[in-house]
Amino acid sequence: MPFTGRRRLAPIAILATLVAATAVPATPALADAATETLVGVPHHNLAIYGATFGSTPAGDYAYAVARGTTGALNVIDTRTATVVRTLPLPGAGGSWGGTVTPDGTAYIGADSKLFRYRPGADHVEDLGSPAPGETATWRLANDGKRVFVGTFPTGKVYSVDHRTGAVRDYGQVWPGEQYVRSISVANGKIYTGLGTVARVVEIDVESGDRREIPLPEQYRAEQFVYDLDVHQKTLFARVTNSNRVLVHDLTTGEWIAELGNGRGLDFSTPDDDGNVYFASTSARLMAYNLKTRTLTPTAFTGYGTSRGFGWTHLGGPEWRGRTLVTIDLSGKMYYFNPMTGAKKVVTVPVPGLPAQLQTLEAGPDGRIWSSAYPSGGITSYDPATGTFAENASALGQAEGLLSYKGKIYAGVYPGANLFELDPTKPIVRGTNPRQFASLRTDHQDRPFAITGVGDRIAFGTIPEYGQLGGALALVDPVTGAKEVHRDVVPQQSVTALATVGNLVLGGTGIWGGLGIAPTQTEAKLFLWDPVTATKVWEGPAIPGAKAITRLIVAPDGRVWGSTVGTLFEFDPASRTVVNTVEVEPFDWNVDHVWRSDHLAVAPDGAVCGNFSTTVACVDPATLAVEKLATGITDVWTMDAAGVMYYARGGELYKLTR
């Protein structure tokens, strides 16, 4: 339920574990004594998640979007591998794909928006969000007249008429499916690849009628049809998590081949001999012939992850006719000529962009450590010198960071991979940070919550896509030995952790991985005994709150926690919430909350943090609130001197009270 003003929670005497709390009003004005300073941009990102290719009378082009706090469309001449234009995409960070109509117009889906680029233009046209309420567009396709777009979180398809701009909403493709992850159009039909239960669904372009094309039985438990293309009555699909490539004959209605494991994205249009190309997980370019139904490995090894395929014309004896071209995540272009077998890799000078900060942690070395979304990396900021040390490829996207016993521990998405970093040693990819365990086989994905428990590290996790039931995992970073306890609170994720004496205090959230609706309605607190590996208590925190996003133990032993924008004090002896104060109101009618607030105790004893988008400190004696800054991203930390660091998008700020 949404907050409607100041919250007052009355004691309930019947159960000792229920909440007894008093709300205190927050001061409305920002404190004049706070000094905010822009530190800089810790992470720079060159990550191309989606690209599309097309031709005009003037040449052959790739349209590749580099992800950033504001994404940018790069128009690349594929004949010369040069960037013709770099154009910002206002209000969007990145893209998973686009499509080019026969006249050379490129449509790009980016976050919730749709953009259009006309050949030779010096800007992109912002077409807004044609499907209100959809937060992500995935892949696009066109039939020459209309552009078709798949979305999340309702799992819709919509179309935009290329001539008139008219929008048609086809609605949710399949009940309960939130992702239209891939899309193709052919022969008057729209073919969609869904998730988080993998399905292929065909939609009639005109009538909107739809039917499922059932996957082979052994693949019906897959999460996504991640890639899907139709060429000459043949449908290609890559299903994940297995990455198997499947082939379906639309004429006979049968699945006719499995082509091993592929890596995204997409399958090329056929060459002059009827060969369709895709990248294998062995980093080899593969060719499948539509006429003979045979799979042939090409001689092109060391092939990167495709972000889309196209054709270009290079000329010369080695490059006769059409040459296949793709671009990978890092901006390298791969060229292969089917007639001669010629191949080459060219690095395109696509400019990197500031990357959005994902995590911040004050390290034991006095430096501020961070990771970025979605490119990851690990960067340290030294306040003494005012310099950054950026290590873009040393770590994936860290959802949580913890400074503990002189080391920094990271929980990394996807697959809940767990790392230890020694800040006294050089950063070396594969060595420092060092991976010591993974929770992937335990079906966990995002380790946001971390606390130290003796010689072990406890991680609280969000499960993988389409699942409920996070885990509490206690892991020895030396040996990698792990205890994984799933559903400590049934069908809830573990979103906050703290060590209270000999017990672990946990907080939960009702949401699981993306692509599944929660079944529970209220977040819980729990106490866990790591010696006996048992839950010794479970109870509520704040009625109506759907996620507990932070728990800390103050030097005086008091335990503080937060939901989104609300601070509370928990007494572990009576197992009750004894105080609560709303710093920033929050409406729980949202898609999901996995994290929000971060907390720390300042040298003067104040409980400080980011309460949703507001930086504030709370007097633990009076619960008076001192608001210091607003409009920040939900990334925050405090160093030993009480200096606060936080993000606005890709920029790092510091604040001294």
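Counting secondary structure elements, the protein contains zero helices and 57 strands. Taken along its principal axes, the extent of the C-alpha atoms in the protein is 80 × 55 × 50 Å. Out of the 657 residues in the protein, the part that is buried amounts to 59%. Counted over contacts in the protein with a minimum sequence separation of 6, partners at least 24 positions apart contribute 48%. For the protein, the exposed surface amounts to about 24,200 Å²; the carbon and sulfur share of it is 51%. The averaged location of the 63 negative side-chain charges in the protein is 4 Å from the averaged location of its 56 positive side-chain charges.

What follows covers the sheet that holds strand E55 (residues 636-638). For sheets, the rule is that strands pair by backbone hydrogen bonds, running either parallel or antiparallel. With antiparallel pairing, the four strands of this open sheet are ordered in space as E1-E57-E56-E55. Strands at the two margins of the open sheet, each flanked by one partner only, are strand E1 (35-40) and E55. Across the sheet, the axes of successive neighbouring strands diverge by a mean angle of 25 degrees, strand direction being ignored. Relative to strand E57 (residues 651-656), strand E56 (residues 644-648) runs antiparallel, the two being bridged by five bridges. Paired with Ala-647 across the two strands is Leu-652, which belongs to E57.

As a further point, take the pattern of salt bridges. Inspection of the entire model under this criterion finds 32 salt bridges. Salt-bridge contacts for Glu-569 lead to Arg-558; the nearest nitrogen and oxygen are separated by 2.9 Å. Note that Glu-569 is positioned in strand E49 (residues 566-571) and Arg-558 in the loop between strand E47 (550-553) and strand E48 (559-562), a separation of eleven residues in sequence. Where salt bridges share partners, they join Arg-139, Asp-227, Arg-238 and Asp-266 into one cluster.

Quick look at unusual backbone geometry now. The step from Phe-152 to Pro-153 runs through a cis peptide bond, and the omega angle for that step is 15 degrees. Locating Pro-153 in the fold gives a position in the loop between strand E12 (146-152) and strand E13 (156-161). Omega for the bond connecting Asn-432 with Pro-433 falls within 30 degrees of zero, at 15 degrees, which places this linkage in the cis form.

Among the nonpolar cores identified, the biggest contains 37 residues, and Leu-505, Leu-525, Ile-548, Leu-551, Phe-568, Phe-570 and Trp-588 are the most heavily contacted of them. In terms of residues, this core owes the most to one element, strand E43 (residues 493-500), which gives three residues. Within the second largest apolar cluster, 18 residues are counted, among which are Phe-53, Ile-76, Ile-327 and Tyr-335.

Another point: the packing of aromatic side chains. Throughout the structure, instances matching the rule amount to 30 aromatic pairs. Relative to Tyr-179, the ring of Trp-138 has its centre 5.8 Å away and its plane inclined at 35 degrees; by these criteria the two rings are tilted. Taken as a pair, Trp-138 in strand E11 (residues 136-142) and Tyr-179 in strand E15 (residues 179-186) lie far apart in primary sequence, 41 residues in all. For the pair shown, Trp-138 and Tyr-179 are each scored as buried.

What follows deals with the confidence of the model for the protein. Of the residues in the protein, 95% reach a pLDDT of 70 or more, and the chain-wide mean stands at 93. Across residues 1-29, where pLDDT falls below 50, the model places 74 contacts with residues more than four positions away in sequence or in other chains.

Moving on, we get to the environment of Leu-357. As for its placement among the helices and strands, Leu-357 is situated in strand E31 (residues 356-362). In this structure the C-alpha to C-alpha distance between Leu-357 and Ser-393, which are 36 residues apart in sequence, comes to 15 Å. Ignoring sequence-local partners within four residues, the contact set of Leu-357 consists of Pro-42, His-43, Ser-370, Ser-371, Ala-372, Val-635, Ala-647, Gly-649, Gly-650, Glu-651 and Leu-652.

What follows covers the environment of Thr-633. Note that Thr-633 resides in the loop between strand E54 (625-630) and E55. In the structure, Thr-633 is positioned 598 residues away from Thr-35 in sequence and 18 Å away in space, judged by C-alpha atoms. Excluding its chain neighbours within four sequence positions, the residues that come into contact with Thr-633 are Asn-610, Ala-647, Arg-648 and Gly-649. A distance of 2.8 Å separates a polar atom in the side chain of Thr-633 from the backbone nitrogen of Gly-649.

For Gln-358, the location among the structural elements is in strand E31. On the accessibility criterion, Gln-358 (7% relative accessible area) is buried. Only 2.6 Å separates the side chain of Gln-358 from the side chain of Glu-399, close enough to count as a polar contact. Contact partners of Gln-358, with chain neighbours within four places excluded, come to Ser-371, Ala-372, Tyr-373, Gln-397, Ala-398, Glu-399, Phe-448, Arg-595 and Val-635.

Reading the values: the criteria
- Residues numbered from 1 in each chain as written.
- Predicted model: local features only at pLDDT ≥ 70, side-chain atom pairs only at ≥ 80, totals over all residues.
- Heavy atoms only, no water.
- Helix = DSSP H or I, 4+ residues; strand = E, 2+ residues; numbered from the N terminus.
- Buried < 20%, exposed > 50% of the residue type's maximum accessible area, 1.4 Å probe, protein only.
- Contact = heavy atoms within 4.5 Å.
- Areas by Shrake-Rupley, 256 points an atom, 1.4 Å probe, with all protein chains shown as cover.
- Lys, Arg positive; Asp, Glu negative; His and termini not counted.
- Charge placed at Lys NZ, Arg CZ, Asp CG, Glu CD.
- Pairing = 2+ DSSP bridges.
- Axes fitted to C-alpha atoms, helices over the stretch in contact; angles between N-to-C directions.
- Salt bridge = Lys/Arg side-chain N within 4 Å of Asp/Glu carboxyl O.
- Core = buried A, V, L, I, M, F, W, Y, C linked by side-chain atoms within 4.5 Å.
- Phe/Tyr/Trp six-rings, centres within 6.5 Å; stacked < 30°, edge-to-face > 60°.
- pLDDT = per-residue confidence, 0-100.
- Polar contact = N/O pair within 3.5 Å; in protein donor to acceptor, adjacent residues only side chain to side chain.

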